[in-house]
Amino acid sequence: MIVTGLILGLLALFGAPLFAIIAASAMWAYYREDIDVSAIAIEFFSIAEMPVLLAIPLFTFAGYLLSESQAPSRLVRLTQALLGWMPGGLAIVSLAACAFFTAFTGASGVTIIALGAILFPALAQAGYGDKFNLGLVTSAGSLGLLFAPSLPLILYGIVAQVPIDSLFRAGILPGMLMLIMLAGYSLWVNRGTSQPLSQFSWQEVRGALRESVWELPLPVVVLGGIYSGYFAVSEAAAVTALYALIVEVFILREIPLKRVPDIMRESMLLVGGILVILGVSLASTNIMIDSGVPQRLLEWVSSFVTGQASFLILLLLFLLVLGAILDIFSALVLVVPLILPVALEYGIEPVHLGIVFLAAMQLGYLTPPVGLNLFIASYRFEKPITEVYAATFPFLVILLLSVVIITFWPALSLVFL
Amino acid sequence: MLIRKLARWGKAGEDAALVLLLGAMILLASSQIVMRNMFDSGFIWADESLRLMVLWLALAGSVAASRADKHISINVLSRFLPATGQLLARVVTNLFTTGVCGLLAYHSWRFVAESREYEDTLLGGQPAWWFQVVLPVAFALMCWRYLCFLLADSYRLVRRKPAPKQVPLP
């Protein structure tokens, strides 16, 4: 048992695909428990019994479409017109635009690629230091995970069987807290140098609004629809995908029709990668729950943790380590079913657990050695990875502080429920 | 020559499957909303077909991801290895993945055969195995892909060829 685990762990660390690792461990467990191994196919097939999953391919496709069009630069212009008058304006513009874009494109690293290319040179031109810019853009690329309709929030709702619209409401204040703390840090670092980008001008606001008139209905309809309960999440995803397709390809014609199949393919690679892990994890989770892993985990944890506060500390440490080695989607489907029953025993709300989980995993995007955003930024801006580590570090510390606040202040997440 | 041709056809097939499924999904899901709100009706089978399409799309995307070896992985150790060691690590992990996909294909085939025997149905009376058969097919295709990686990497390892570059795969 232990030997098998070690071998699988080593194979994973040497680059075997995660779905194969999880499938192997599930099949091995079935075999040991004398259950017919073809049960893994039954579990996998239950992907077809989860209506909300429909949202994942649709939102992902819409996000890829938007990031291939000129929508990112329109978003930056509009945010600049609205927020650029503040001191340290462009830093705040960058944070807000990235958060918004990540929420809509599902936190897959496309934000750095789509927005970073616009923001990075603009920040340098406005006189910010190179190191600061690199850190800012790299860490801003993971903001927005906690805002609707981000994919990790949806996936947590599916795995933990929590209503997704309560997760969407719960994420608002914690997400804002992260945004505000990073903005505050940016202002403080550049207190000597940063000047307002521009005077506030109604003319510029009007111009920016007119330019993005076709995309503006999207957040209004989607967020309004979801928060008011008019749309189910998967319906909002369908509307988003269809609308983005019509606007970017047929009305604005920024994406040639020829490109659409390629974009579909690109986006579905990611979806296939996530859902195949979900499918095999359904099997491995089931067998782990059947053989009492959560109970043993609870017994083990309660042997040295008594109160809720000390449990939260332990949880946070665990999630930070987890986030550093596992990507957010795999961590969600693998770990949430095991720790949710334990957390419930300690009186933690499932919704709050979800927000803590995602907030902590967000740091994983920025934690060396394997943080995804670090690599994307290093590749995209042609900087050595160690330089990206160093530039991102102060932002990582601020975000860590915000995660601690989110963890120990449940009301922040639960106030709108 | 044959390999290149197979590679082209294979990619065309994947693209067609992905585009058709995603396109149909967008249209069907949107028309459901219109039907529900304007006419207070909808296709009864729409929700179930949409859910099945998600499964197919997941598998098709997964097969497509295996073509470029783009599955989610951790891979922190092999970058510290010398070139030969990296190749060896790839041979071992590819062997493992080929085996796992083969087992998945075999066991899901047994699942489909059973469902056929018991005459399970979906979508109001259609044989369930028509829809389930994508499972063994997709895993078999992934098994084939990783077998190709395995053979190519082993060849390079034996011949001491340089680290692998992206090659067209059937």
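Here the residue index of a chain counts from 1 through its sequence in written order. Here the convention is simple: chains get letters from A, ligands get numbers from 1, in the order in which they are written. In view of the model being predicted, local features appear only for residues whose pLDDT reaches at least 70, and side-chain atom pairs are presented and counted only at 80 or more, with totals across whole chains, interfaces and linings using the full set of residues. Excluded from the side-chain calculations are hydrogens and water; all other atoms, namely the structure's heavy atoms, are used.

Caption draft 1: Structural view of the overall build of chain A. When its secondary structure is counted, chain A shows 22 helices and zero strands. The globule rule puts the C-alpha radius of gyration for 417 residues at 22 Å, and the 22 Å found for chain A is close to it. Projecting the C-alpha coordinates of chain A onto the three principal axes gives extents of approximately 70 × 45 × 45 Å. A contact between two residues is defined here by any heavy atoms of the two lying within 4.5 Å. Pairs at least 24 apart in sequence give 79% of the contacts found in chain A among residues at least 6 apart. For chain A, the computed accessible surface area is about 16,300 Å², with 67% contributed by carbon and sulfur atoms. Positive charges are assigned to Lys and Arg, negative charges to Asp and Glu, while His and the chain termini are left out of the count. Every charge is mapped onto a representative atom, which is NZ of Lys, CZ of Arg, CG of Asp or CD of Glu. With 15 positive and 23 negative side-chain charges, chain A shows a spacing of 14 Å between the two charge centroids. Secondary structure elements are taken from DSSP: a helix is a run of H or I of four residues or more, a strand is a run of E of two residues or more, and numbering for both begins at the N terminus. Here the globule rule is a power law, 2.2 Å times the number of residues to the power 0.38, and the radius of gyration is based on C-alpha atoms. Accessible areas in this description were obtained via Shrake-Rupley with a 1.4 Å probe; residue shielding takes into account the shown protein chains only.

Caption draft 2: Summary view of the nonpolar core. Take the buried residues of types Ala, Val, Leu, Ile, Met, Phe, Trp, Tyr and Cys, join any two whose side-chain atoms come within 4.5 Å, and each joined set is a nonpolar core. Exposure classes here rest on a 1.4 Å probe applied to the protein chains alone. A residue is buried below 20% of its type maximum, exposed above 50%, and partly exposed in between. If you look at the biggest cluster of nonpolar residues, it comprises 201 residues, and the most contacted ones within it are A:Phe61 and A:Phe357. Sequence-distant contacts of A:Phe357, defined by excluding residues within four places in its chain, comprise A:Leu319, A:Leu322, A:Ala331, A:Leu332, A:Val335, A:Val336 and A:Ile339.

Caption draft 3: Region of interest: unusual backbone geometry. Residues and elements named next belong to chain A. Cis geometry is found at the peptide bond from Ala-148 to Pro-149, where omega equals -5°. Structurally, Pro-149 is set in the loop between α8 (130–140) and α9 (151–160). Unlike most non-glycine residues, Arg-253 shows phi in positive territory, near 55°. Mapped onto the secondary structure, Arg-253 falls in the loop between α14 (233–251) and α15 (260–290). What makes Arg-253 exposed here is its relative accessible area of 66%.

Caption draft 4: Representation of a nonpolar patch on the surface within the structure. On the surface, A:Val213, A:Trp214, A:Ile246, A:Phe250, A:Ile251 and A:Leu257 cluster together into a nonpolar patch covering about 550 Å² of accessible area. Relative to the helices and strands, A:Val213 is located in the loop between α12 (202–211) and α13 (217–228). To count toward a patch, a residue needs a relative accessible area over 30% and no salt bridge; like charges are then connected within 9 Å, while nonpolar side chains (Val, Leu, Ile, Met, Phe, Trp, Tyr) are connected within 5 Å. Should a side-chain nitrogen of Lys or Arg be within 4 Å of a carboxyl oxygen of Asp or Glu, the pair is scored as a salt bridge.

Caption draft 5: Just the packing of α13(A) against α14(A), in detail. Residue and element names in this part refer to chain A. Fitted lines through C-alpha atoms serve as axes, helices being fitted only where they are in contact, and the angles separating the N-to-C directions of these axes extend from 0 to 180 degrees. Across the interface, α13 lies against α14 with an axial gap of 10 Å and an inter-helix angle of 170°. Judged on the interaxial angle alone, α14 and α13 are roughly antiparallel. Residue-level contacts link Pro-217, Leu-218, Val-221, Val-222 and Ile-226 of α13 to Ala-236, Val-239, Thr-240 and Tyr-243 of α14. Classifying every residue of the contact of α13 with α14 by side-chain character gives eight nonpolar, one polar and no charged. Put simply, angles under 35 degrees are roughly parallel, angles over 145 are roughly antiparallel, angles from 65 to 115 are roughly perpendicular, and the rest are oblique. Note on residue classes: Ala, Val, Leu, Ile, Met, Phe, Trp, Tyr, Cys and Pro are nonpolar, Asp, Glu, Lys and Arg are charged, and everything else, Gly too, is polar.

Caption draft 6: Region of the structure containing α9(A). Residues and elements named next belong to chain A. Counted residue by residue, α9 has 10 buried out of 10 residues, so it is predominantly covered. Those residues of α9 that fall on the buried side of the exposure criterion are Leu-151, Pro-152, Leu-153, Ile-154, Leu-155, Tyr-156, Gly-157, Ile-158, Val-159 and Ala-160. Structurally, α9 contributes buried residues whose contacts are with α4 (55–68), α10 (164–170), α14, α15, α18 (328–345) and α19 (350–364).

Caption draft 7: Representation of the interface of chain A and chain B within the structure. If you look at the interface, chain A gives 59 residues, while chain B gives 59 residues. Summing the contributions of chain A and of chain B, the shared interface buries around 5,000 Å²; its carbon and sulfur component is 80%. The largest share of the area that chain A buries against chain B comes from A:Phe14, A:Phe45 and A:Arg265, three residues that together contribute 15% of it. Where chain A touches chain B, the interface holds three salt bridges. One salt bridge connects B:Glu14 with A:Arg265, and the closest N-O pair in it is separated by 3.0 Å. Under the rule applied, a polar contact is a pair of N or O atoms within 3.5 Å (in protein, one hydrogen donor and one hydrogen acceptor; residues adjacent in sequence only if both atoms are side-chain atoms). The tally of links between chain A and chain B comes to six residue pairs in polar contact (both at pLDDT 80 or more). Residue assignment for the side of chain A that touches chain B shows that the elements contributing at least two residues are α1 (2–13), α2 (18–32), α3 (39–45), α4, α14 and α15 of chain A. The element best represented in the side of chain A that touches chain B is α15(A), accounting for 12 residues. Here the residues of the side of chain A that touches chain B are counted per class, giving 48 nonpolar, five polar and six charged. Accessible surface is computed with a 1.4 Å probe, and the buried area is the amount of it that two parts give up when combined, taken over both parts together.

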